[in-house]
Each structure stands twice: as structure tokens, then as C-alpha cells.
Amino acid sequence: MRGKVWGFNPHSGGKKITPDIQAQIRQRITEHAEKNYAGKFTRLDVKFRGALCYIDAYKEPYVPEGDPPEWMNETREEYIERLRNTPTHLCRIRHFDINRWSMAFYTYSNERYEPCFFSTGDWFGTPEEAFDIGAVYLER
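This section reports on the structure supplied with the text. (Residues numbered from 1 in each chain as written. Predicted model: local features only at pLDDT ≥ 70, side-chain atom pairs only at ≥ 80, totals over all residues. Heavy atoms only, no water.)

Overview of the sheet that holds strand β1 (residues 43-49)
Argument step 1. Read from one edge to the other, the open sheet built from five strands follows the order β1-β2-β3-β4-β5, with strand pairing classed as antiparallel. Two strands in the sheet have a free side with no partner beyond their single neighbour: β1 and β5 (112-116). Averaged over all neighbouring strand pairs, the angle between strand axes comes to 30°, with direction disregarded.
Argument step 2. As paired strands, strand β2 (residues 52-58) and strand β3 (residues 88-97) are joined by six bridges and run antiparallel to one another. Note on β3: the bridge partner recorded for Cys53 is Ile93. (Pairing = 2+ DSSP bridges. Helix = DSSP H or I, 4+ residues; strand = E, 2+ residues; numbered from the N terminus. Axes fitted to C-alpha atoms, helices over the stretch in contact; angles between N-to-C directions.)

Focus: the pairing of β2
Argument step 1. Across the seven residues of β2, seven count as buried, placing the element largely inside the fold.
Argument step 2. The two faces of β2 match: Leu52, Tyr54, Asp56 and Tyr58 on one face and Cys53, Ile55 and Ala57 on the other face are all buried.
Argument step 3. Here β1 pairs with β2 via seven bridges, running antiparallel. Bridge pairing in β2 places Arg43 opposite Tyr58. (Buried < 20%, exposed > 50% of the residue type's maximum accessible area, 1.4 Å probe, protein only.)

A look at helix α3 (residues 127-134)
Two residues of an α-helix separated by three or four positions point the same way, owing to the 3.6 residues in each turn.
Argument step 1. Those residues of α3 not exposed but buried are Pro127, Glu128, Ala130, Phe131 and Gly134. All buried residues of α3 lie within an arc of 160° about the axis, which places them on one face of the element.
Argument step 2. Looking at the buried residues of α3, the elements they touch are α1 (19-36), β1, β2, β3 and β4 (100-107). (Arc of directions from axis to C-beta. Contact = heavy atoms within 4.5 Å.)

Looking at the environment of Trp101
Argument step 1. Residue position: Trp101 is located in strand β4.
Argument step 2. Judged by its relative accessible area of 0%, Trp101 is buried.
Argument step 3. Separated by 29 residues in the primary sequence, Trp101 and Ala130 place their C-alpha atoms 8.5 Å from one another.
Argument step 4. Setting aside residues up to four positions removed in sequence, Trp101 forms contacts with Ile17, Ile25, Cys53, Ile93, Arg94, His95, Phe118, Trp123, Phe124, Gly125, Thr126 and Pro127.
Argument step 5. At 3.3 Å, the side chain of Trp101 and the backbone oxygen of Asp97 are in polar contact.
Argument step 6. Among the polar contacts made by the side chain of Trp101, one reaches the main-chain carbonyl oxygen of Ile98 at a distance of 2.9 Å. (Polar contact = N/O pair within 3.5 Å; in protein donor to acceptor, adjacent residues only side chain to side chain.)

Overview of the pattern of salt bridges
Side-chain pairs of opposite charge can arise where the charged atoms are in close proximity.
Argument step 1. Tallied over the entire structure, the rule returns nine salt bridges.
Argument step 2. For Lys40, the salt bridge goes to Glu139, with nearest N and O atoms at 3.1 Å. On the criterion of sequence distance, the pair formed by Lys40 in the loop between α1 and β1 and Glu139 in the segment after α3 is long-range, its members being 99 residues apart.
Argument step 3. The salt bridge partner of Arg112 is Glu114, with a shortest N-O separation of 3.0 Å.
Argument step 4. Exposure remark for Arg112: the relative accessible area of 48% places this residue in the partly exposed category.
Argument step 5. Because the salt bridges share partners, they merge into one network encompassing Asp45, Lys47 and Asp56. (Salt bridge = Lys/Arg side-chain N within 4 Å of Asp/Glu carboxyl O.)

Below is the structure:
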């Protein structure tokens, strides 16, 4: 007789993030980022949807002389403004408990979020630990 095997997947399910938890998490992420990554971003965007929290950062772009190329049909000022308003996706975290979240790292090569471990080697960590992993994109 074949039975069904149940396995826990840290990258599915989770608990809906209530408005009071949203406020706490937004504040924790913002304070952590300002304390540890000041000057590496101009603003953060922390969005919530169901059990998920998306963390994006905006940076002042580096634009070498001669950019944009003529074929782009936009002025240098328009180009810089467009880059300023393009988010850098850092990560997506999934809520299980206030200090227990799973994480997916945004991969620009595949243009999607991919499950990843925290630096502890565990599937779960805090929002601050997730930000630290995604902050690799702030170093560029």
C-alpha cells in the first residue's frame, strides 16, 4: 500500500501578515538598513501581500559621460530619473512567526525570486538577516 508522504516546504504557505505586524516589520527593516547601510540607498520600499514581504531599494545611479546612447531616444536627465525610479529587488520573505521567516533572493539572471538559505545554513531567519543577504545588491 502506498501512502502519501508529507513534507514541509518553507517556501509555501505561511501566515498572513497583519497590519500591526506589517508596521513592526517595516520599522525593523528600515532601522536596520539605516544603521548598517546608510548612504547605499536613497529609499526603501517594503510591501506586503498575504504571507509575503517584498523589500526593494532605490539608489542614486552612476551614469558615465556619454550615457544614454543616442538610440535610446531620451535625454540624459530623463535617463537618470528613470534609473532613480527603478527599484533594486533585494529579497522576498515569507512570514511564519515574528522572528521566523523564509527567504527568496532575487536573481537578475532569471528575473525571479529563488529560495535560499540564511547565512546560518537554516531555512529560517529574521527580516534583518534577510536584508543583509539581499544587501549584496547595494554594494554595486
